[in-house]
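Architecture at a glance
Letter by letter, the chains look like this.
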Amino acid sequence: GICLGYHRLLTHGSFKTYAPVRWLLGAVGCLGGEGSPADWVANHRKHHAHSDEDGDPHSPNDGAWWSHIFWIAWTTPGPVRTQHIQRWARDILNDRVLASLVYGFLPLNFIFSVMLFGIGYWLGGTAMATSFLVWGVFVRLAFVMHSTWLVNSASHMWGYRNYVTKDNSRNLWWVALLTYGEGWHNNHHRYPGSERNGFLWWEIDVTHYFLTALSWTGLIWDLRRPPAHVYEEGASSS
């Protein structure tokens, strides 16, 4: 939902798909607990426009813990948030279904939690229902959120660089493993529109593998990849 849906599809348009698939990925992304598609896309596009500069929503230049978690607690007045989304995620707002998730984000998570609790109760009573809720909602959300935030923090502080970019983005293998390929962050900042972040053969990118498999089914198409000179540039500097 986050890596494939919010990031590579909705933010960067790195592949094309049918509208219902876009809507499904947007809904699944909501269950990652990181805000609506419009909020997430707007924040990430602003991050790319001002990466590690004034205006970056989550740069380690403002503190490691700020980039990792504290930035998410920073709130803006309603009109400012609306202007922010309108500037950076106008295309998301123009999609009626995705735009509705600005208001449907919290209800969707609540409904999913109730359904999970109900399934657990049906299978094994209160104890099983509680277990489903704890592991299927709270533990899962904590893992997903911290994994994503590590891209913002750790992958701008530690790791290696295949490319000279205007920011401090790094490639960090263990973050890449946790986030299905998002940890190859220096590669991503060199060519954000790519559907793959692992540019070298040994840079494992599970999201890219999954997208490739989906393309074989016809559900997605026009996967964007860097031109040959970008690969050569990265290989020669590594």
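Everything in this summary refers to the structure shown in the same document. (Residues numbered from 1 in each chain as written. Predicted model: local features only at pLDDT ≥ 70, side-chain atom pairs only at ≥ 80, totals over all residues. Heavy atoms only, no water.)

**Considering the nonpolar core**
- Leu4, Tyr6, Leu10, Phe15, Ala89 and Ile92 are the most contacted members of the largest nonpolar core, which totals 24 residues.
- At the level of elements, α1 (2-11), α2 (19-30), α3 (37-49), α5 (78-88), α7 (96-152) and α10 (206-217) are the ones that each hand at least two residues to this core.
- Among the elements that take part in this core, α1 stands out by supplying 5 residues, more than any other.
- In contact with Phe15, other than residues within four places in its own chain, are Leu4, Arg8, Leu9, Leu211, Ile220, Trp221, Asp222 and Leu223.
- Of all hydrophobic cores here, the second largest spans 5 residues; its members include Leu150, Val151, Ala154 and Val175. (Core = buried A, V, L, I, M, F, W, Y, C linked by side-chain atoms within 4.5 Å. Buried < 20%, exposed > 50% of the residue type's maximum accessible area, 1.4 Å probe, protein only. Helix = DSSP H or I, 4+ residues; strand = E, 2+ residues; numbered from the N terminus. Contact = heavy atoms within 4.5 Å.)

**Overview of the pattern of salt bridges**
- The final tally for this structure, using the stated rule, is 8 salt bridges.
- The salt bridge partner of Glu53 is Lys166, with a shortest N-O separation of 3.9 Å. Here Glu53 is found in the loop between α3 and α4 (64-68), whereas its partner Lys166 is found in the loop between α7 and α8 (173-178), with 113 residues between them in sequence.
- Under the relative-accessibility criterion, Lys166 is labelled exposed at 52%. (Salt bridge = Lys/Arg side-chain N within 4 Å of Asp/Glu carboxyl O.)

**Focus on α7**
- Over its 57 residues, α7 runs only 29 Å from end to end, short of the ideal 84 Å by more than 12%, given 1.5 Å per residue.
- The largest bend in α7 amounts to roughly 140° and is located at Gly124.
- Its side-chain oxygen at 3.1 Å from the backbone nitrogen of Val97, Asp95 defines the N-terminal cap of α7. (Expected span 1.5 Å × (residues − 1). Bend = angle between axes of the 7 residues up to and from the residue. Polar contact = N/O pair within 3.5 Å; in protein donor to acceptor, adjacent residues only side chain to side chain.)

**Quick word on the environment of Thr148**
- Along the chain, Thr148 falls in helix α7.
- For Thr148, a relative accessible area of 15% corresponds to the buried category.
- Between the alpha carbons of Thr148 and Ile2 there is a distance of 8.3 Å; along the sequence they are 146 residues apart.
- Contacts of Thr148, omitting those with residues within four sequence positions, involve Ile2, Glu34, Trp40 and Thr179.

**Structural notes on the packing of aromatic side chains**
- What the rule picks out here adds up to 7 aromatic pairs.
- Relative to Trp202, the ring of Tyr160 has its centre 5.8 Å away and its plane inclined at 45°; by these criteria the two rings are tilted. A residue pair is termed long-range when its members are at least 10 positions apart, and Tyr160 in the loop between α7 and α8 and Trp202 in the loop between α9 (185-190) and α10 qualify at 42 residues.
- A relative accessible area of 27% places Tyr160 in the partly exposed class.
- Overall, the relative accessible area of 39% leaves Trp202 in the partly exposed class.
- Seen in terms of ring centroids, Phe199 and Tyr231 are 5.6 Å apart; in terms of plane orientation they differ by 75°. Their pairing is edge-to-face. Of this pair, Phe199 sits in the loop between α9 and α10 while Tyr231 sits in helix α11 (residues 228-237), and the two are 32 residues apart along the sequence.
- On the basis of relative accessibility, which here comes to 23%, the residue Tyr231 falls in the partly exposed class.
- Among the aromatic residues, ring-to-ring pairing joins Tyr160, Trp184 and Trp202 into one connected group. (Phe/Tyr/Trp six-rings, centres within 6.5 Å; stacked < 30°, edge-to-face > 60°.)

**Considering the side chain of Thr179**
- In this structure, Thr179 sits in the loop between α8 and α9.
- Apart from the residues within four sequence positions on either side, Thr179 is in contact with Cys3, Ser147, Thr148, Val151 and Thr207.

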